[in-house]
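# Examining the three-dimensional arrangement
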Amino acid sequence: MRGSVRPFRSWLRSSPHVLLKVSGGFSSGDKALCVAAARRLQAAGCRVSILCPKPFRDTLHRAGVHTPLLSLDVTDAFDGTATLDEVLEQFENLHRYEYHETLKSFEDVDVVAIAPGGRLLDGYKVTRHLLIPALAQKLGIPVVYLHQSVGPLTSPAHRDMVQQTLVRAALCVTRDDISFAFLRELGVPESRAFPARDLSFAETYPANSHPPAFDLGINLRIGFNGHTEPDVLKLFLKEYIRRKPDARLLAYTTSNPIPAPLADELRLLACTVEPDCVEYPDYVRAAGRCAVNVSDSFHGVIFSMMAGRPALALQPDFGSWKLHGTLVPGQPSMETLPGFVDAPSARDILDRALSLGENPGSVSEKQLRFVEYCRKRAEDGWQQAERAIRNA
(Lines give C-alpha, C1' and ligand atoms only; values in the text may rest on other atoms or scores of the structure.)
Protein backbone atom coordinates (compact mmCIF):
# COMPACT_ATOMS: atom_id res chain seq x y z
CA MET A 1 0.00 0.00 0.00
CA ARG A 2 1.17 3.49 -0.77
CA GLY A 3 2.57 5.34 2.21
CA SER A 4 1.42 8.56 3.80
CA VAL A 5 4.07 10.70 2.06
CA ARG A 6 3.16 11.90 -1.41
CA PRO A 7 5.68 11.29 -4.22
CA PHE A 8 8.06 14.21 -4.73
CA ARG A 9 7.32 14.29 -8.47
CA SER A 10 3.70 15.34 -7.87
CA TRP A 11 4.83 18.49 -6.10
CA LEU A 12 6.63 19.63 -9.27
CA ARG A 13 3.72 19.06 -11.64
CA SER A 14 2.14 22.22 -13.04
CA SER A 15 -1.03 20.37 -14.05
CA PRO A 16 -2.30 18.40 -11.05
CA HIS A 17 -3.95 15.06 -11.70
CA VAL A 18 -7.39 15.20 -10.08
CA LEU A 19 -9.55 12.14 -9.51
CA LEU A 20 -13.17 13.34 -9.49
CA LYS A 21 -15.36 11.02 -7.41
CA VAL A 22 -19.02 11.10 -8.48
CA SER A 23 -22.06 9.58 -6.76
CA GLY A 24 -25.56 9.11 -8.07
CA GLY A 25 -27.48 7.22 -10.70
CA PHE A 26 -30.19 8.60 -12.98
CA SER A 27 -30.60 12.04 -11.41
CA SER A 28 -30.37 14.99 -13.80
CA GLY A 29 -28.85 17.10 -11.04
CA ASP A 30 -26.04 14.66 -10.26
CA LYS A 31 -25.16 14.42 -13.94
CA ALA A 32 -25.28 18.19 -14.38
CA LEU A 33 -22.91 18.65 -11.44
CA CYS A 34 -20.55 15.97 -12.73
CA VAL A 35 -20.29 17.70 -16.11
CA ALA A 36 -19.87 21.12 -14.48
CA ALA A 37 -17.07 19.99 -12.17
CA ALA A 38 -15.23 18.00 -14.86
CA ARG A 39 -15.33 20.84 -17.37
CA ARG A 40 -14.17 23.39 -14.84
CA LEU A 41 -11.31 21.20 -13.66
CA GLN A 42 -10.15 20.73 -17.24
CA ALA A 43 -10.49 24.47 -17.94
CA ALA A 44 -8.27 25.10 -14.90
CA GLY A 45 -5.55 23.00 -16.51
CA CYS A 46 -6.01 19.88 -14.39
CA ARG A 47 -5.58 16.39 -15.73
CA VAL A 48 -8.86 14.72 -14.79
CA SER A 49 -9.95 11.13 -14.24
CA ILE A 50 -13.54 10.44 -13.21
CA LEU A 51 -14.68 7.65 -10.91
CA CYS A 52 -18.39 7.50 -11.66
CA PRO A 53 -21.41 5.19 -12.03
CA LYS A 54 -21.91 3.79 -15.52
CA PRO A 55 -25.09 5.87 -16.30
CA PHE A 56 -22.91 8.99 -16.29
CA ARG A 57 -20.83 7.90 -19.25
CA ASP A 58 -23.35 8.78 -21.95
CA THR A 59 -23.93 12.18 -20.32
CA LEU A 60 -20.21 12.98 -20.25
CA HIS A 61 -19.86 11.91 -23.87
CA ARG A 62 -22.86 14.06 -24.86
CA ALA A 63 -21.29 17.01 -23.04
CA GLY A 64 -17.99 16.56 -24.86
CA VAL A 65 -16.06 15.66 -21.71
CA HIS A 66 -13.34 13.25 -22.82
CA THR A 67 -11.29 11.90 -19.95
CA PRO A 68 -10.48 8.50 -18.42
CA LEU A 69 -13.62 7.03 -16.80
CA LEU A 70 -13.38 4.52 -13.97
CA SER A 71 -16.04 2.55 -12.09
CA LEU A 72 -16.38 1.24 -8.56
CA ASP A 73 -19.14 -1.38 -8.32
CA VAL A 74 -19.56 -1.72 -4.56
CA THR A 75 -23.11 -1.71 -3.18
CA ASP A 76 -22.18 -2.78 0.35
CA ALA A 77 -23.51 -0.39 3.01
CA PHE A 78 -20.80 -1.56 5.47
CA ASP A 79 -23.40 -1.86 8.21
CA GLY A 80 -22.10 -2.51 11.68
CA THR A 81 -18.91 -0.53 11.25
CA ALA A 82 -18.18 2.15 13.82
CA THR A 83 -14.93 3.66 12.53
CA LEU A 84 -13.35 4.49 9.20
CA ASP A 85 -10.59 1.96 9.89
CA GLU A 86 -13.25 -0.76 10.19
CA VAL A 87 -14.85 0.39 6.94
CA LEU A 88 -11.57 0.25 5.05
CA GLU A 89 -10.70 -3.10 6.59
CA GLN A 90 -14.02 -4.57 5.42
CA PHE A 91 -13.52 -3.01 2.00
CA GLU A 92 -10.13 -4.68 1.66
CA ASN A 93 -11.21 -8.06 3.04
CA LEU A 94 -14.68 -8.45 1.52
CA HIS A 95 -14.17 -6.68 -1.79
CA ARG A 96 -10.57 -7.51 -2.54
CA TYR A 97 -10.72 -7.05 -6.31
CA GLU A 98 -12.52 -3.68 -6.09
CA TYR A 99 -10.16 -2.58 -3.33
CA HIS A 100 -7.05 -3.19 -5.44
CA GLU A 101 -8.67 -1.64 -8.53
CA THR A 102 -9.35 1.45 -6.42
CA LEU A 103 -5.72 1.57 -5.34
CA LYS A 104 -4.75 1.46 -9.01
CA SER A 105 -7.06 4.39 -9.74
CA PHE A 106 -5.13 6.41 -7.14
CA GLU A 107 -1.79 5.92 -8.89
CA ASP A 108 -0.28 9.22 -9.96
CA VAL A 109 -3.24 11.15 -8.47
CA ASP A 110 -2.45 14.44 -6.72
CA VAL A 111 -5.90 15.37 -5.39
CA VAL A 112 -9.21 13.58 -4.94
CA ALA A 113 -12.17 15.91 -5.54
CA ILE A 114 -15.59 14.82 -4.29
CA ALA A 115 -18.11 15.95 -6.89
CA PRO A 116 -20.81 18.42 -5.84
CA GLY A 117 -23.92 16.92 -4.30
CA GLY A 118 -25.39 15.69 -1.06
CA ARG A 119 -25.11 12.09 0.09
CA LEU A 120 -23.81 12.63 3.63
CA LEU A 121 -27.18 12.66 5.37
CA ASP A 122 -29.67 10.29 6.99
CA GLY A 123 -31.30 7.96 4.49
CA TYR A 124 -28.31 7.39 2.22
CA LYS A 125 -25.57 4.79 2.65
CA VAL A 126 -23.30 7.34 4.29
CA THR A 127 -20.48 4.92 5.05
CA ARG A 128 -20.19 3.78 1.43
CA HIS A 129 -19.88 7.40 0.31
CA LEU A 130 -16.91 7.82 2.65
CA LEU A 131 -14.91 4.96 1.10
CA ILE A 132 -12.98 6.98 -1.50
CA PRO A 133 -12.16 10.07 0.60
CA ALA A 134 -11.22 7.92 3.61
CA LEU A 135 -8.92 5.69 1.57
CA ALA A 136 -7.36 8.70 -0.16
CA GLN A 137 -6.65 10.36 3.16
CA LYS A 138 -5.12 7.16 4.53
CA LEU A 139 -2.78 7.17 1.54
CA GLY A 140 -1.84 10.81 2.11
CA ILE A 141 -3.74 12.17 -0.90
CA PRO A 142 -5.48 15.52 -0.25
CA VAL A 143 -9.27 15.57 -0.56
CA VAL A 144 -11.36 18.57 -1.62
CA TYR A 145 -15.15 18.49 -1.23
CA LEU A 146 -16.95 20.50 -3.93
CA HIS A 147 -20.25 22.32 -3.20
CA GLN A 148 -21.82 19.88 -0.72
CA SER A 149 -24.86 19.62 1.47
CA VAL A 150 -24.04 17.76 4.68
CA GLY A 151 -26.53 16.50 7.27
CA PRO A 152 -28.70 15.91 9.11
CA LEU A 153 -26.94 12.94 10.69
CA THR A 154 -28.53 11.25 13.70
CA SER A 155 -26.34 8.12 13.79
CA PRO A 156 -23.42 8.78 16.18
CA ALA A 157 -21.19 6.45 14.13
CA HIS A 158 -22.02 8.20 10.85
CA ARG A 159 -21.54 11.59 12.44
CA ASP A 160 -18.13 10.58 13.83
CA MET A 161 -16.95 9.14 10.52
CA VAL A 162 -18.13 12.14 8.52
CA GLN A 163 -16.44 14.40 11.03
CA GLN A 164 -13.13 12.53 10.72
CA THR A 165 -13.17 12.83 6.94
CA LEU A 166 -14.27 16.46 6.68
CA VAL A 167 -11.94 17.75 9.39
CA ARG A 168 -8.99 16.27 7.47
CA ALA A 169 -10.09 17.61 4.06
CA ALA A 170 -8.03 20.33 2.37
CA LEU A 171 -11.29 22.24 1.79
CA CYS A 172 -15.02 21.68 2.17
CA VAL A 173 -17.22 23.92 0.03
CA THR A 174 -20.87 23.82 1.06
CA ARG A 175 -23.89 24.74 -1.06
CA ASP A 176 -26.19 25.92 1.74
CA ASP A 177 -25.75 27.87 4.97
CA ILE A 178 -27.15 25.20 7.29
CA SER A 179 -24.56 22.73 6.00
CA PHE A 180 -21.83 25.30 6.58
CA ALA A 181 -22.99 25.78 10.17
CA PHE A 182 -23.07 22.00 10.59
CA LEU A 183 -19.46 21.73 9.35
CA ARG A 184 -18.38 24.31 11.89
CA GLU A 185 -20.27 22.36 14.56
CA LEU A 186 -18.33 19.25 13.52
CA GLY A 187 -15.08 21.11 14.07
CA VAL A 188 -14.05 21.83 10.47
CA PRO A 189 -11.75 24.88 10.72
CA GLU A 190 -13.12 28.08 9.23
CA SER A 191 -10.02 28.33 7.03
CA ARG A 192 -10.97 25.02 5.35
CA ALA A 193 -14.73 25.54 4.99
CA PHE A 194 -16.41 27.88 2.54
CA PRO A 195 -20.13 28.66 2.19
CA ALA A 196 -21.21 28.74 -1.45
CA ARG A 197 -24.24 27.67 -3.48
CA ASP A 198 -24.99 24.75 -5.77
CA LEU A 199 -22.62 24.70 -8.74
CA SER A 200 -25.46 24.32 -11.26
CA PHE A 201 -26.41 27.96 -10.57
CA ALA A 202 -23.17 29.00 -12.26
CA GLU A 203 -23.78 26.93 -15.40
CA THR A 204 -25.51 28.00 -18.62
CA TYR A 205 -28.00 25.68 -20.31
CA PRO A 206 -30.11 26.15 -23.46
CA ALA A 207 -33.35 27.97 -22.67
CA ASN A 208 -36.84 27.47 -24.03
CA SER A 209 -37.60 30.30 -26.46
CA HIS A 210 -41.28 29.43 -26.94
CA PRO A 211 -44.33 30.24 -24.80
CA PRO A 212 -45.13 27.56 -22.21
CA ALA A 213 -46.71 24.45 -23.71
CA PHE A 214 -48.08 23.37 -20.32
CA ASP A 215 -49.91 25.20 -17.56
CA LEU A 216 -48.31 23.07 -14.87
CA GLY A 217 -45.25 20.86 -14.70
CA ILE A 218 -45.07 18.29 -11.91
CA ASN A 219 -41.48 17.19 -11.39
CA LEU A 220 -41.78 13.88 -9.53
CA ARG A 221 -39.36 12.07 -7.24
CA ILE A 222 -40.58 8.47 -7.06
CA GLY A 223 -38.37 5.91 -5.38
CA PHE A 224 -36.41 5.14 -2.26
CA ASN A 225 -35.54 8.78 -1.60
CA GLY A 226 -38.94 10.33 -2.39
CA HIS A 227 -42.01 11.34 -0.40
CA THR A 228 -44.75 11.30 -3.05
CA GLU A 229 -47.78 9.14 -2.32
CA PRO A 230 -49.26 8.16 -5.73
CA ASP A 231 -52.87 8.24 -4.48
CA VAL A 232 -52.38 11.74 -3.09
CA LEU A 233 -50.82 12.86 -6.37
CA LYS A 234 -53.80 11.50 -8.33
CA LEU A 235 -56.18 13.30 -5.96
CA PHE A 236 -54.30 16.52 -6.63
CA LEU A 237 -54.49 16.06 -10.41
CA LYS A 238 -58.21 15.28 -10.41
CA GLU A 239 -58.98 18.39 -8.37
CA TYR A 240 -56.65 20.56 -10.49
CA ILE A 241 -58.45 19.45 -13.65
CA ARG A 242 -61.85 19.99 -12.00
CA ARG A 243 -60.92 23.57 -11.16
CA LYS A 244 -59.14 24.20 -14.47
CA PRO A 245 -60.72 21.88 -17.05
CA ASP A 246 -58.62 23.02 -20.01
CA ALA A 247 -55.33 22.70 -18.16
CA ARG A 248 -52.34 21.23 -19.95
CA LEU A 249 -50.37 19.09 -17.48
CA LEU A 250 -46.92 17.54 -17.73
CA ALA A 251 -45.47 14.96 -15.34
CA TYR A 252 -41.71 14.61 -15.70
CA THR A 253 -38.68 13.94 -13.53
CA THR A 254 -35.14 15.05 -12.79
CA SER A 255 -34.70 12.46 -10.01
CA ASN A 256 -35.71 8.86 -10.73
CA PRO A 257 -37.59 7.36 -13.70
CA ILE A 258 -41.37 7.36 -13.22
CA PRO A 259 -42.53 3.71 -12.91
CA ALA A 260 -44.59 2.50 -15.88
CA PRO A 261 -47.76 1.64 -13.88
CA LEU A 262 -47.89 5.14 -12.37
CA ALA A 263 -47.14 6.74 -15.73
CA ASP A 264 -50.11 4.87 -17.25
CA GLU A 265 -52.41 6.02 -14.44
CA LEU A 266 -51.33 9.64 -14.89
CA ARG A 267 -51.99 9.47 -18.62
CA LEU A 268 -55.56 8.36 -17.86
CA LEU A 269 -55.92 11.67 -16.02
CA ALA A 270 -55.13 13.58 -19.22
CA CYS A 271 -51.57 14.22 -18.10
CA THR A 272 -48.66 14.12 -20.55
CA VAL A 273 -45.96 11.92 -19.01
CA GLU A 274 -42.24 11.84 -19.74
CA PRO A 275 -41.03 8.98 -17.53
CA ASP A 276 -37.26 9.20 -18.06
CA CYS A 277 -35.02 11.74 -16.39
CA VAL A 278 -34.29 14.92 -18.29
CA GLU A 279 -30.89 14.60 -19.95
CA TYR A 280 -28.04 17.02 -20.58
CA PRO A 281 -28.24 19.78 -21.77
CA ASP A 282 -32.05 20.13 -21.68
CA TYR A 283 -32.51 20.81 -17.96
CA VAL A 284 -33.63 24.45 -18.23
CA ARG A 285 -35.38 23.96 -21.55
CA ALA A 286 -37.53 21.17 -20.08
CA ALA A 287 -38.61 23.26 -17.08
CA GLY A 288 -39.23 26.25 -19.36
CA ARG A 289 -42.03 24.43 -21.19
CA CYS A 290 -44.22 24.81 -18.09
CA ALA A 291 -45.78 28.07 -16.90
CA VAL A 292 -45.42 26.86 -13.29
CA ASN A 293 -43.42 23.95 -11.90
CA VAL A 294 -44.07 21.96 -8.75
CA SER A 295 -40.97 20.01 -7.78
CA ASP A 296 -39.64 17.84 -4.98
CA SER A 297 -36.31 17.77 -6.79
CA PHE A 298 -33.74 20.29 -5.58
CA HIS A 299 -32.38 20.74 -9.09
CA GLY A 300 -35.88 20.70 -10.52
CA VAL A 301 -36.55 23.85 -8.51
CA ILE A 302 -33.24 25.38 -9.61
CA PHE A 303 -33.81 24.61 -13.30
CA SER A 304 -37.32 26.10 -13.14
CA MET A 305 -36.02 29.32 -11.60
CA MET A 306 -33.18 29.48 -14.15
CA ALA A 307 -35.83 29.15 -16.87
CA GLY A 308 -37.71 32.12 -15.42
CA ARG A 309 -40.68 29.93 -14.45
CA PRO A 310 -42.00 30.20 -10.88
CA ALA A 311 -41.47 27.05 -8.84
CA LEU A 312 -43.26 25.60 -5.84
CA ALA A 313 -40.63 23.79 -3.80
CA LEU A 314 -41.51 20.54 -2.08
CA GLN A 315 -39.33 18.73 0.45
CA PRO A 316 -36.58 16.94 -1.51
CA ASP A 317 -34.84 13.70 -0.60
CA PHE A 318 -35.20 12.57 3.02
CA GLY A 319 -34.68 15.38 5.57
CA SER A 320 -32.20 17.35 3.48
CA TRP A 321 -32.00 21.05 4.31
CA LYS A 322 -30.38 22.00 0.98
CA LEU A 323 -33.42 23.99 -0.18
CA HIS A 324 -34.38 25.96 2.91
CA GLY A 325 -30.69 26.34 3.78
CA THR A 326 -30.03 28.18 0.52
CA LEU A 327 -30.45 31.71 1.85
CA VAL A 328 -30.36 35.11 0.15
CA PRO A 329 -29.74 38.32 2.15
CA GLY A 330 -32.88 40.36 2.62
CA GLN A 331 -35.19 37.51 1.64
CA PRO A 332 -36.85 34.88 3.81
CA SER A 333 -35.66 31.31 3.30
CA MET A 334 -37.36 29.44 0.49
CA GLU A 335 -40.54 27.87 1.78
CA THR A 336 -40.42 24.12 1.36
CA LEU A 337 -43.80 22.38 1.43
CA PRO A 338 -44.16 18.78 2.68
CA GLY A 339 -45.14 17.48 -0.76
CA PHE A 340 -47.75 14.99 -1.95
CA VAL A 341 -47.85 13.19 1.38
CA ASP A 342 -51.50 13.59 2.44
CA ALA A 343 -54.77 15.25 1.35
CA PRO A 344 -54.29 18.54 3.29
CA SER A 345 -50.81 18.97 1.77
CA ALA A 346 -52.18 18.27 -1.71
CA ARG A 347 -54.91 20.90 -1.27
CA ASP A 348 -52.32 23.44 -0.13
CA ILE A 349 -50.14 22.74 -3.18
CA LEU A 350 -53.22 22.97 -5.41
CA ASP A 351 -54.26 26.39 -4.12
CA ARG A 352 -50.73 27.74 -4.39
CA ALA A 353 -50.16 26.34 -7.88
CA LEU A 354 -53.38 27.84 -9.22
CA SER A 355 -52.64 31.19 -7.58
CA LEU A 356 -49.10 31.20 -8.93
CA GLY A 357 -50.37 30.47 -12.43
CA GLU A 358 -52.66 33.50 -12.25
CA ASN A 359 -50.14 35.90 -10.64
CA PRO A 360 -46.55 34.73 -11.28
CA GLY A 361 -44.93 38.16 -11.44
CA SER A 362 -43.64 38.92 -7.95
CA VAL A 363 -42.55 35.31 -7.32
CA SER A 364 -40.71 35.12 -10.66
CA GLU A 365 -38.86 38.38 -9.95
CA LYS A 366 -37.89 37.19 -6.48
CA GLN A 367 -36.67 33.85 -7.80
CA LEU A 368 -34.62 35.47 -10.56
CA ARG A 369 -32.86 37.59 -7.92
CA PHE A 370 -32.35 34.38 -5.99
CA VAL A 371 -30.68 32.77 -9.03
CA GLU A 372 -28.37 35.71 -9.65
CA TYR A 373 -27.21 35.82 -6.05
CA CYS A 374 -26.63 32.06 -5.99
CA ARG A 375 -24.75 32.20 -9.29
CA LYS A 376 -22.17 34.54 -7.78
CA ARG A 377 -21.88 32.50 -4.59
CA ALA A 378 -21.42 29.29 -6.60
CA GLU A 379 -18.61 30.92 -8.62
CA ASP A 380 -16.97 32.18 -5.42
CA GLY A 381 -17.02 28.62 -4.08
CA TRP A 382 -15.44 27.30 -7.25
CA GLN A 383 -12.61 29.83 -7.06
CA GLN A 384 -11.89 28.66 -3.52
CA ALA A 385 -11.95 25.03 -4.61
CA GLU A 386 -9.63 25.65 -7.54
CA ARG A 387 -7.18 27.44 -5.27
CA ALA A 388 -7.28 24.58 -2.75
CA ILE A 389 -6.60 22.00 -5.48
CA ARG A 390 -3.61 24.02 -6.69
CA ASN A 391 -2.25 24.37 -3.17
CA ALA A 392 -3.00 20.85 -1.91
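Structural data are supplied above this passage.
All of the points below concern the structure found in this document. (Residues numbered from 1 in each chain as written. Predicted model: local features only at pLDDT ≥ 70, side-chain atom pairs only at ≥ 80, totals over all residues. Heavy atoms only, no water.)

## Thoughts on the sheet that holds strand 9 (residues 214-219)
- Taken together, five strands build an open sheet; the order of strands is 11-10-9-12-13 and the sheet is parallel. Each end of this open sheet is capped by a strand with a single partner; those strands are strand 11 (271-277) and strand 13 (311-313). Going across the sheet, the axis of each strand differs from the next one's by a mean of 15°, ignoring polarity.
- In terms of strand pairing, strand 12 (residues 290-295) meets strand 13 through three bridges, oriented parallel. Within the sheet, the bridge partner assigned to N293 lies in strand 13 and is A311.
- The sheet contacts of helix 10 (residues 230-243) involve strand 9 and strand 10 (249-253), and relative to strand 9 the element is tilted by about 175°. (Pairing = 2+ DSSP bridges. Helix = DSSP H or I, 4+ residues; strand = E, 2+ residues; numbered from the N terminus. Axes fitted to C-alpha atoms, helices over the stretch in contact; angles between N-to-C directions. Contact = heavy atoms within 4.5 Å.)

## Examining helix 9 (residues 177-186)
- Taken residue by residue, helix 9 has S179, F180, F182, L183 and L186 as its buried positions. Considered in projection along helix 9, the buried side chains sweep an arc of 160° and stay on one side of the axis.
- Contact partners of the buried residues in helix 9: strand 6 (143-150), helix 8 (156-167), strand 7 (171-174) and strand 8 (193-195).
- Between the side-chain oxygen at the start of helix 9 and the backbone nitrogen of I178 there is a gap of 3.1 Å, and the oxygen is on D176.
- One or two residues past the end of helix 9 sits G187, with phi positive at roughly 100°. (Buried < 20%, exposed > 50% of the residue type's maximum accessible area, 1.4 Å probe, protein only. Arc of directions from axis to C-beta. Polar contact = N/O pair within 3.5 Å; in protein donor to acceptor, adjacent residues only side chain to side chain.)

## Comments concerning helix 13 (residues 298-306)
- With respect to burial, helix 13 is a largely interior element, nine of its nine residues being buried.
- Where helix 13 is buried, its residues touch helix 2 (28-43), strand 9, helix 12 (283-288), strand 12, strand 13 and helix 15 (361-391).
- Immediately beyond the C-terminal end of helix 13, within one or two residues, lies G308, with a positive phi of roughly 80°.

## A look at the pattern of salt bridges
- Applying the stated criterion across every chain yields a total of 27 salt bridges.
- Where E279 meets K31, a salt bridge forms, and the shortest distance between an N and an O atom there is 3.3 Å. One end of the pair, E279, is in the loop between strand 11 and helix 12; the other, K31, is in helix 2, and 248 residues separate them in sequence.
- Using a relative accessible area of 29% as the deciding quantity, one classes E279 as partly exposed.
- Among the ionic pairs, R375 bridges to E372, the shortest N-O distance being 3.6 Å. You can see R375 and its partner E372 sitting in helix 15, three residues apart, about one turn around the helix.
- Classification of E372 as partly exposed rests on a relative accessible area of 47%.
- Bridged by salt links that share partners, the residues K31, R62 and E279 form one connected network. (Salt bridge = Lys/Arg side-chain N within 4 Å of Asp/Glu carboxyl O.)

## Considering the packing of helix 10 against helix 14 (residues 343-358)
- For the pair helix 10 and helix 14, the least separation of the axes is 9 Å and the interaxial angle reads 35°. Relative to helix 14, helix 10 is oriented so that their crossing is right-handed. Between helix 10, through V232, L235, F236, E239, Y240 and R243, and helix 14, the contact on the second element is made entirely by A343, A346, I349, L350, D351, A353 and L354.
- Taken together, the residues that form the contact of helix 10 with helix 14 break down as ten nonpolar, no polar and three charged. (Left-handed = near helix turned anticlockwise from the far one by under 90°. Nonpolar A, V, L, I, M, F, W, Y, C, P; charged D, E, K, R; others polar.)

## Here's the deal with the packing of aromatic side chains
- Applying the stated criterion across every chain yields a total of 13 aromatic pairs.
- Ring centres of F182 and W321 lie 5.8 Å apart, and the angle between their planes is 70°; on these two criteria the pair is classed as edge-to-face. Taken together, the positions of F182 in helix 9 and W321 in the loop between strand 13 and helix 14 put the pair 139 residues apart, joining distant regions of the chain. Here the two residues F182 and W321 agree in accessibility, since each one is buried. (Phe/Tyr/Trp six-rings, centres within 6.5 Å; stacked < 30°, edge-to-face > 60°.)

## Overview of the pairing of strand 12
- Judged by how many residues are buried, strand 12 sits mostly within the fold: five of six residues are covered.
- Pairing of strand 9 with strand 12, which is carried by five bridges, proceeds in the parallel orientation. For N219, the partnering residue across the bridge sits in strand 12 and is S295.
- Read as a crossover between parallel neighbours, the route from strand 12 over helix 13 to strand 13 is right-handed. (Right-handed = clockwise from strand over helix to strand, strands pointing away.)

## Concerning the environment of V48
- Mapping V48 onto the fold places it in strand 2 (residues 47-51).
- The exposure class of V48 is buried, given its relative accessible area of 5%.
- Distance from V48 to A38, taken between C-alpha atoms, is 7.2 Å for residues ten residues apart in sequence.
- Apart from residues lying up to four places away in sequence, V48 is in contact with V18, L20, A38, L41, Q42, T67 and P68.

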